[in-house]
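Fold and geometry: a report
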Amino acid sequence: MLRASAAVTAALAAVACSSAPAPEALSAPPAAVTEPVPPAQQKPAHPDLSGFWSLNRGKPVRDPVLAAKLPADTVIVDDTGGAELPIGDYGGLKPKPKALAVAKAWKPADDMTLDKVCSPPSIIYALQGPFPIEIYQGTELIVMKLEYYDMVRIIFMNRTEHLPPDAPHTKVGDSIGHWESDTLVVDTTHLEAATITNNGLFHSENAHVVERFRLGVEGKTLNATQEFEDPDALENRGVRFITWTARPGDHVFPYECDPRFAENYNK
Amino acid sequence: MRKAIGSLCFAAAFLACVGAAEAHHSFAAFFDSEKTKTITGKVTKFLFVNPHGTIEMDVKGAGGKTEAWRVETNAPVLLRRLGWTKESISYGQTITIVGWPARDGANYLRLQRATDEAGKPIGRSMATGDQQ
């Protein structure tokens, strides 16, 4: 966390320095005038991830730049997109004994109740689903709308510390972001307990997520890694690779979950 | 038995620790993706809501007896992009469904594709492997 905070501070300082005018030397000769670059030709400080992104149906791209950032003990959970892991298969994640006991006791029909069916997962499961996202990128905030369950994430680019420990936990958590070169790095805590693999394995409120987002070739794809760890539920760290394709002009649709779907299971 | 009770106690303690654990629908737990079943019948109900749509049908079984079947669709928010609307299927309409059968043998399918009485596709099919 301290390292992340330091990186954010450094990144913000770098942006501030790069955008500040260089101090003039009072005695410098007025020679070697440089042509000012018109604003339209100036390279933006960071890539613009804004737009509508549709999840790729095939295997996600394993961007080597993002892969190089993964800690050595991280297992790749290969269920991105529409596919789901069967009961008892946690994709290489090693549940701690209590989490494993919960997973083994879990029955899918238990979820099909009016009070549970419209409860969204957290971003750990929601981001990799086959639903599109929409990103609005600002300098102080980045807003990410997920079509899945109408979830909205706000990534605070103007904060370097998370909320106090007693702040509310939610399905989107508390996200702070910074740039590392061309990669948006998002650190999230304060998540409400929710499923990891949709088959009985749950993370706790102490889950910690680090995501990296990076544009692909010509900005037509967006590649990401979503790392997660949970000292209460997991022995090891997990990561999902996720790839979206740009679809300019499109927008996420309202999800508006309707619990009547669950009525069928209680007849 | 003692071991099983111990596991349940662990489970209860963990759930208490993590709070009211959220849960939602799992394709892999309910449906067998290795099998396919086709049914034809009259629609008795069509509910086009997220997280999943529901088509209920009366289907004539092998002995001529009418059986009630239920078909679950992908999330309608995804089906909208494939040409589906809440008017895509009407009460009393005869349709054919190809789907993945329920693991427990119930009269319950997960939609792969649907056609009307003339064999015309209803909407477009989801890509293989899309289970949400």
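The structure displayed is predicted, hence computed values, not measured ones. (Residues numbered from 1 in each chain as written. Chains lettered and ligands numbered in written order. Predicted model: local features only at pLDDT ≥ 70, side-chain atom pairs only at ≥ 80, totals over all residues.)

**Concerning the overall build of chain B**
Along the backbone of chain B there are 3 helices and 5 strands. For chain B, with 132 residues in total, the buried portion stands at 37%. Pairs at least 24 residues apart make up 54% of the contacts formed inside chain B by residues separated by at least 6 positions. (Helix = DSSP H or I, 4+ residues; strand = E, 2+ residues; numbered from the N terminus. Buried ≥ 20, exposed ≤ 12 C-beta atoms within 10 Å, placed from the backbone. Contact = placed C-beta atoms within 7 Å.)

**Some details on the overall build of chain A**
Looking only at helices and strands, one finds 4 helices and 12 strands in chain A. Burial status across chain A gives 43% buried among its 267 residues. Considering only intrachain contacts with a sequence separation of at least 6, the fraction spanning at least 24 residues in chain A is 61%.

**With respect to the confidence of the model for chain B**
Averaged over all residues, the pLDDT of chain B equals 81, while 76% of them reach at least 70. ipTM for the predicted complex: 0.77, alongside a pTM of 0.81. (pLDDT = per-residue confidence, 0-100.)

**Description of the environment of B:P121**
Residue and element names in this part refer to chain B. Among the structural elements, P121 can be located in the segment after β5 (108–115). It is 9.8 Å that separates the C-alpha atoms of P121 and I95, two residues lying 26 residues apart in sequence. Once residues lying within four places of it in the same chain are set aside, the contact partners of P121 are R113 and T115.

**Some details on the sheet that holds strand β3 (residues 66–72) of chain B**
All names here are of chain B. Here 5 strands make up a closed barrel; going around it, the order is β1-β2-β3-β5-β4 and the pairing mixed. Recorded for the sheet is a direction-independent mean angle of 55° between the axes of neighbouring strands. The sheet contact formed by strand β1 (residues 37–47) and strand β4 (residues 94–101) spans 6 bridges and is antiparallel. Note that in β4 the partner of K42 across the bridge is T94. (Pairing = 2+ DSSP bridges. Axes fitted to C-alpha atoms, helices over the stretch in contact; angles between N-to-C directions.)

**A short note on unusual backbone geometry**
The linkage connecting B:N50 with the following residue, B:P51, adopts the cis geometry, with an omega of 15°. For A:S181, which is not glycine, the phi dihedral falls at a positive 60°. When you line up the elements, A:S181 lands in the loop between β6 (174–180) and β7 (183–189). For A:N198, which is not a glycine, the phi torsion comes out positive at approximately 60°. Looking at the secondary structure, you find A:N198 in the loop between β8 (194–195) and β9 (202–203).

**Concerning the nonpolar core**
Among the nonpolar cores identified, the biggest contains 83 residues, and A:I124, A:A126 and A:F202 are the most heavily contacted of them. With 5 residues, helix α3 (residues 97–105) of chain A is the single largest residue contributor to this core. (Core = buried A, V, L, I, M, F, W, Y, C linked by C-beta atoms within 7 Å.)

**Topic: the environment of A:K59**
Residue and element names in this part refer to chain A. Tracing the backbone shows K59 in the loop between β1 (51–55) and α2 (64–67). The exposed category is assigned to K59, around which 11 C-beta atoms lie within 10 Å. Placed 182 residues apart in sequence, K59 and F241 show a C-alpha to C-alpha distance of 8.8 Å.

**What to know about the environment of B:G83**
For B:G83, the location among the structural elements is in the loop between α3 (76–79) and β4. Setting aside anything within four residues of it in sequence, one finds B:G83 in contact with B:G123 and B:R124.

**With respect to the pairing of strand β5 (residues 152–156) of chain A**
Residue and element names in this part refer to chain A. Across the two faces of β5 the burial differs, with R153 and I155 buried and V152, I154 and F156 not buried at all. Both strand β4 (residues 141–146) and β5 contribute to a ladder of 5 bridges, which runs antiparallel. Paired with M144 across the bridge in β5 is R153. Connecting β4 to the next strand, β5, in antiparallel fashion are 5 residues, including Y149 with a positive phi near 60°. Sheet topology places β5 next to β6; 2 bridges connect them, and they run parallel.

**So, the pairing of strand β2 (residues 54–60) of chain B**
All names here are of chain B. Pairing of β1 with β2 involves 6 bridges; the strand directions are antiparallel. Each residue of the ladder has a partner; that of K45, found in β2, is E56. Here β1 hands over to β2 after 6 residues, the two strands then running antiparallel side by side. Where β2 lies against β3, 7 bridges are found, and the strand directions are antiparallel. Bridging across to β3, E56 finds its partner in R70.

**Digging into the confidence of the model for chain A**
A residue-level look at chain A finds 83% of positions with pLDDT of 70 or above and a mean pLDDT of 87. Counting contacts from residues 1–30 of chain A, a segment whose pLDDT is below 50, to residues more than four positions away or on other chains yields 12 contacts.

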